[in-house]
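Each chain, written out:
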Number of protein chains: 2
Amino acid sequence: MTMETVSTAKAHGGTQGVYRHRSTTTGTDMTFAVFVPAHDPGERLPVLWFLSGLTCTHANVMDKGEYRRACAEHRIVFVAPDTSPRGEGVADDPAYDMGQGAGFYVDATEEPWAPHFRMRTYIEDELPALIGSEFPVDPDRQAITGHSMGGHGALTIGLRHPDRFRSVTAFAPIVAPGQVPWGEKALGGYLGDDRSTWRAHDAVALIEDGARRPDLLVDQGEADQFLDEQLRPELLAAACAAAGIDLTLRMQPGYDHSYLGVSTFMADHVAWAAERLGKAT
Amino acid sequence: MTMETVSTAKAHGGTQGVYRHRSTTTGTDMTFAVFVPAHDPGERLPVLWFLSGLTCTHANVMDKGEYRRACAEHRIVFVAPDTSPRGEGVADDPAYDMGQGAGFYVDATEEPWAPHFRMRTYIEDELPALIGSEFPVDPDRQAITGHSMGGHGALTIGLRHPDRFRSVTAFAPIVAPGQVPWGEKALGGYLGDDRSTWRAHDAVALIEDGARRPDLLVDQGEADQFLDEQLRPELLAAACAAAGIDLTLRMQPGYDHSYLGVSTFMADHVAWAAERLGKAT
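Keep in mind the model is a prediction, meaning the values are calculated, not measured. (Residues numbered from 1 in each chain as written. Chains lettered and ligands numbered in written order. Predicted model: local features only at pLDDT ≥ 70, side-chain atom pairs only at ≥ 80, totals over all residues. Heavy atoms only, no water.)

A.B. asks: Kindly report on the relation of the copies chain B and chain A, identifying the contributing residues and their values.
C.D. replies: Mapping chain B onto chain A is achieved by rotating through 180° and translating by 0.0 Å along the same axis, at an RMSD of 0.0 Å. Put plainly, the chains are arranged around a two-fold axis. Comparing contact sets, 100% of the residues at the interface of chain B also lie at the interface in chain A, consistent with an isologous, same-surface contact. (Least-squares fit on C-alpha atoms with pLDDT ≥ 70 in both. Contact = heavy atoms within 4.5 Å.)

Right under this line is the structure:
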């Protein structure tokens with residue numbers, strides 16, 4: 001596994017870097033961003049994964065997420081992967097909600113997506129191994145969050161790995177892709193028509209099928225243009241209530257779907273993670 | 001004077017907006033960004049102007065500047081203008097440091113720039129009048145800051161208007177354009193070969209010629225690639241020392257010229273301004 005440094009710069013006392021590697025999972029070069037706060041020699045820090053939404057690369061949250069100040073304060077490494085494989089030879093779709101920039105954090109089984117669109121394995125296995133080998137992180141202290149499609153990724157990956165992630169939060173997530181147009185298109189396209197295969201990639205279905213966590217935090221803007229049709233946080237609230245999961249769902253009056261909402265509440269999510277990441281075991 | 005709202009969104013409890021108007025000064029449409037924190041009905045807030053650097057529009061600091069949290073806390077309106085006139089029929093230069101995106105906050109007297117490149121009058125007169133009429137600001141409580149070319153703008157405009165701006169700060173500013181390549185090219189191009197006309201647009205020269213302020217704050221990264229050739233903060237330090245201006249020049253180890261440095265120290269500049277803006281008179 002080799003990693004190329006695209007850029008680094010000092011920020012909030014730490015280092016904001018952009019890196020590239022050849023992914024054996026996706027068969028493409030993959031770019032990601034990592035912020036490492038100032039820390040002591042040999043110290044291994046907890047890590048917060050941020051999964052981004054439709055159309056995004058690693059750069060959107062790096063530019064607009066306003067996480068560095070809070071991560072520096074709490075000494076948390078922040079990792080922002082890309083949202084799909086990209087490049088020549090990688091299948092794409094002219095729509096913004098399918099193909100490049102819209103990987104939906106699944107391993108595609110359908111053509112033309114199957115050869116490269118393996119974001120589940122990339123985010124769950126390959127990239128964590130690389131981060132663990134190349135950055136000063138403590139794999140026993142991980143948290144995950146994300147925005148929109150990336151909130152879907154954070155919830156589903158967090159629900160599938162309750163022992164890996166001590167903290168799972170999301171900003172304006174797609175909570176039930178099997179029940180909304182974005183998800184039906186993407187999961188159908190990547191995984192095929194058998195909806196039973198979708199359930200491992202649907203937070204509400206995962207909870208219905210027995211996935212459990214102590215708690216979840218979700219911020220959702222009430223002026224979000226995708227709220228009623230695509231996001232539907234009430235479905236997550238109902239599933240959590242039935243399952244005894246302590247969901248903190250904060251409906252935020254006036255906030256839309258943009259990074260202006262994400263950045264407003266980012267410090268709260270970092271603090272929520274910090275409380276649960278605690279000290280090294 | 002009419003103003004068009006391009007976009008607004010809630011952020012950090014306030015409103016981040018982008019606006020456009022037809023400038024009679026530049027003869028073009030001009031776009032700018034304004035953040036208005038939450039405030040009481042009828043309350044007029046102090047205002048912090050942020051002037052941006054080469055190649056920037058209003059959007060760079062809006063996306064990457066991380067000012068909203070601090071401005072919300074201190075209840076300060078934040079205004080980010082564009083850096084030049086733009087569009088068809090506006091002169092340009094293929095280089096990044098001349099023409100569109102590089103107005104240098106002067107009123108050009110030379111061709112082909114003179115018809116539109118009137119950023120001094122735009123920033124000093126026309127835009128403040130518009131902001132004062134359209135936003136809940138208190139014109140008696142103004143502060144100004146900026147980055148790089150915009151730091152030059154903030155220092156020179158602040159030095160020319162000591163009674164208007166209670167606080168003047170800068171991030172990695174061009175402090176003596178008359179003595180560095182960026183400035184010699186731009187001031188020569190916009191103002192002509194008579195260097196005596198440049199002195200009103202050169203912070204060090206303005207101080208040498210008698211401009212005074214109680215204090216200034218400048219943050220300058222030591223890893224800034226433009227430090228030695230273009231920025232030269234030691235020239236400002238010498239001029240301030242000779243003139244009795246209390247300059248706080250913070251050389252920041254490891255920081256480069258990017259917005260990662262600006263965003264790191266932004267909260268300090270907002271707090272510095274807040275201390276000096278104080279309460280309504």
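Once the structure has been displayed, the description carries forward.
A.B. asks: Just give me the short version of the side chain of glutamine 142 of chain B, but keep the residues and values in it.
C.D. replies: Residues and elements named next belong to chain B. In this fold, glutamine 142 is placed in strand β6 (residues 137-146). On the basis of relative accessible area, glutamine 142 is assigned to the buried category, the value being 8%. Of note is the side chain of glutamine 142, whose polar atom sits 3.1 Å from the backbone oxygen of proline 139. Non-local contacts of glutamine 142, meaning those with residues more than four positions away in its chain, are made with Val47, Trp49, Arg164, Phe165, Arg166, Ser167 and Leu277. (Helix = DSSP H or I, 4+ residues; strand = E, 2+ residues; numbered from the N terminus. Buried < 20%, exposed > 50% of the residue type's maximum accessible area, 1.4 Å probe, protein only. Polar contact = N/O pair within 3.5 Å; in protein donor to acceptor, adjacent residues only side chain to side chain.)

A.B. asks: Could you give an account of the environment of proline 214 of chain B, with specific residues and numbers?
C.D. replies: All names here are of chain B. Mapped onto the elements of the fold, proline 214 is located in the loop between α6 (203-208) and β8 (215-221). As a C-alpha pair, proline 214 and leucine 247 span 33 residues in sequence and 8.6 Å in three-dimensional space. Ignoring sequence-local partners within four residues, the contact set of proline 214 consists of Ile245 and Asp246.

A.B. asks: With reference to specific residues and values, describe the side chain of aspartate 219 of chain B.
C.D. replies: Residue and element names in this part refer to chain B. When you line up the elements, aspartate 219 lands in strand β8. Side-chain polar atoms of aspartate 219 contact the side chain of arginine 250, separated by 2.7 Å. A polar side-chain atom of aspartate 219 sits 2.7 Å from a polar atom in the side chain of histidine 269. Among residues more than four places away in sequence, those in contact with aspartate 219 are Ala170, Phe171, Ala172, Pro173, Arg250, Gln252, Phe265 and His269.

A.B. asks: Describe the interface of chain B and chain A, listing the residues and the values that go with them.
C.D. replies: Taken together, the 20 residues of chain B in the interface contact 20 residues of chain A. A per-residue breakdown of the area chain B buries against chain A is headed by Lys10, Glu66 and Leu260 of chain B, which together make up 34% of the total. The tally of links between chain B and chain A comes to two salt bridges. Between arginine 68 of chain A and glutamate 66 of chain B there is a salt bridge; the shortest N-O distance is 3.2 Å. Joining chain B to chain A, the criterion identifies ten residue pairs in polar contact (both at pLDDT 80 or more). For the side of chain B that touches chain A, the secondary structure elements donating two or more residues are β1 (3-11), α1 (59-64), α2 (68-74) and α9 (259-277) of chain B. Ranked by the residues each element gives to the side of chain B that touches chain A, the list is headed by α9 of chain B, at five residues. A per-class count over the side of chain B that touches chain A returns six nonpolar, seven polar and seven charged. (Buried area = accessible area lost by both parts, 1.4 Å probe. Salt bridge = Lys/Arg side-chain N within 4 Å of Asp/Glu carboxyl O. Nonpolar A, V, L, I, M, F, W, Y, C, P; charged D, E, K, R; others polar.)

A.B. asks: Help me get a handle on helix α4 (residues 149-160) of chain B, residues and values and all.
C.D. replies: Residues and elements named next belong to chain B. In this model, α4 (twelve residues) spans 17 Å end to end at C-alpha, consistent with the 16 Å of a helix rising 1.5 Å per residue. Counting buried positions along α4 gives twelve out of twelve residues, so the element sits mostly inside the fold. Buried residues of α4: Met149, Gly150, Gly151, His152, Gly153, Ala154, Leu155, Thr156, Ile157, Gly158, Leu159 and Arg160, and no others. (Expected span 1.5 Å × (residues − 1).)

A.B. asks: Outline the sheet that holds strand β9 (residues 246-252) of chain A, supporting the account with residue identities and numerical values.
C.D. replies: Residue and element names in this part refer to chain A. Read across the sheet, nine strands follow the order β1-β2-β3-β5-β4-β6-β7-β8-β9 without closing on themselves; strand pairing throughout is mixed. The sheet is open, and its two edges are formed by β1 (3-11) and β9, each paired on a single side. For this sheet, the mean inter-axis angle between neighbouring strands, taken without regard to orientation, is 20°. In the sheet, strand β4 (residues 45-51) pairs with strand β6 (residues 137-146) via six bridges, with the strands oriented parallel. By the bridge assignment for β6, phenylalanine 50 is matched with threonine 145. Against the sheet, helix α8 (residues 233-243) engages β8 (215-221) and β9, with an angle of about 155° to β9. (Pairing = 2+ DSSP bridges. Axes fitted to C-alpha atoms, helices over the stretch in contact; angles between N-to-C directions.)

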